[in-house]
Amino acid sequence: MQQQPYQHEETAGGPSRISRTSRTSRILVVDDDPTVAEVVTGYLDRAGYVVDRADDGPTALARAAAHRPDLVVLDLMLPGMDGLEVCRRIRGHGPVPVIMLTARGDEDDRILGLEVGADDYVTKPFSPRELVLRVESVLRRSRPAATGQRLTAAGLTVDPTARRATKNGTEIPLTVREFDLLSFFLRHPGRAFGREDLMREVWGWDFGDLSTVTVHVRRLRGKVEDDPAQPRLIQTVWGVGYRFEPGGE
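Below or above, wherever it landed, is the structure these notes cover. Note that this is a predicted model, so its numbers are computed, not measured. (Residues numbered from 1 in each chain as written. Predicted model: local features only at pLDDT ≥ 70, side-chain atom pairs only at ≥ 80, totals over all residues. Heavy atoms only, no water.)

### Topic: the pairing of strand β3 (residues 71-75)
Okay, step 1: In terms of burial, β3 is a largely internal element, five of the five residues being buried.
Okay, step 2: With burial as the criterion, each face of β3 is covered, one bearing Leu71, Val73 and Asp75 and the other bearing Val72 and Leu74.
Okay, step 3: Both strand β1 (residues 26-30) and β3 contribute to a ladder of four bridges, which runs parallel. Each residue of the ladder has a partner; that of Val30, found in β3, is Leu74. (Buried < 20%, exposed > 50% of the residue type's maximum accessible area, 1.4 Å probe, protein only. Helix = DSSP H or I, 4+ residues; strand = E, 2+ residues; numbered from the N terminus. Pairing = 2+ DSSP bridges.)

Here is the structure:
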């Protein structure tokens, strides 16, 4: 019997009990499996989102161009144009949060998704409820803060209210998680944090794949360090994790 790509959840506490949100966020669901797309769309709709659907890359790009999504739920394995290329092209028109769906639990697939800038990923089979919670979490973090003190160190400036980061006056294109990670480092200079600490404080997860943190640190270094191969700002603390050193010592 073929394994379902999602976990069946026909219970009394099914999708109707998911907390409803304001119908202001538009989600683009891209998956060539009509059953998966239908289930995911149903749960997101019940959670209060406006949902667009696409079953291949070109259609996804057309939908995104017609109605700019606030977030994309994107299957990695698509016919013709894979999810990685779709992610690159959508991101080429401006930042948008992406949650990648991977058909396999293979670590290489997950890292590939994170390397092209996915903010999160969910491995099939998955719980539709968990996916909705991930969507809510990523969207919540992507929204500008009502108030927030501007953070400045080592030529870097982070404006939480505008969700904008600059290096020496030039804007840095950051994903949602990269922005949150840089903000966290600037708020805690000189302190060493383990990957578990960063996952809890930045991602809001008490458990998860720690390679997510490793990949995001590597991507962030590529955008804020003068020489990412010899990082001076985001330093590795062997046996612990990472530390932000504004002086670059």
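### Some thoughts on the packing of aromatic side chains
Okay, step 1: Evaluated as defined, the whole model comprises two aromatic pairs.
Okay, step 2: Taking 4.8 Å as the distance between ring centres and 65° as the angle between the ring planes, the aromatic pair formed by Phe184 and Phe193 counts as edge-to-face. Taken individually, Phe184 and Phe193 each receive the classification buried, so the pair is uniform in this respect.
Okay, step 3: Between Phe185 and Phe244, the ring centres sit 6.5 Å apart and the planes meet at 20°, which makes this aromatic pair stacked. Taken together, the residues Phe185 in helix α6 (residues 176-187) and Phe244 in strand β12 (residues 241-244) connect sequence positions 59 residues apart. In this pair, the class of Phe185 matches that of Phe244, namely buried. (Phe/Tyr/Trp six-rings, centres within 6.5 Å; stacked < 30°, edge-to-face > 60°.)

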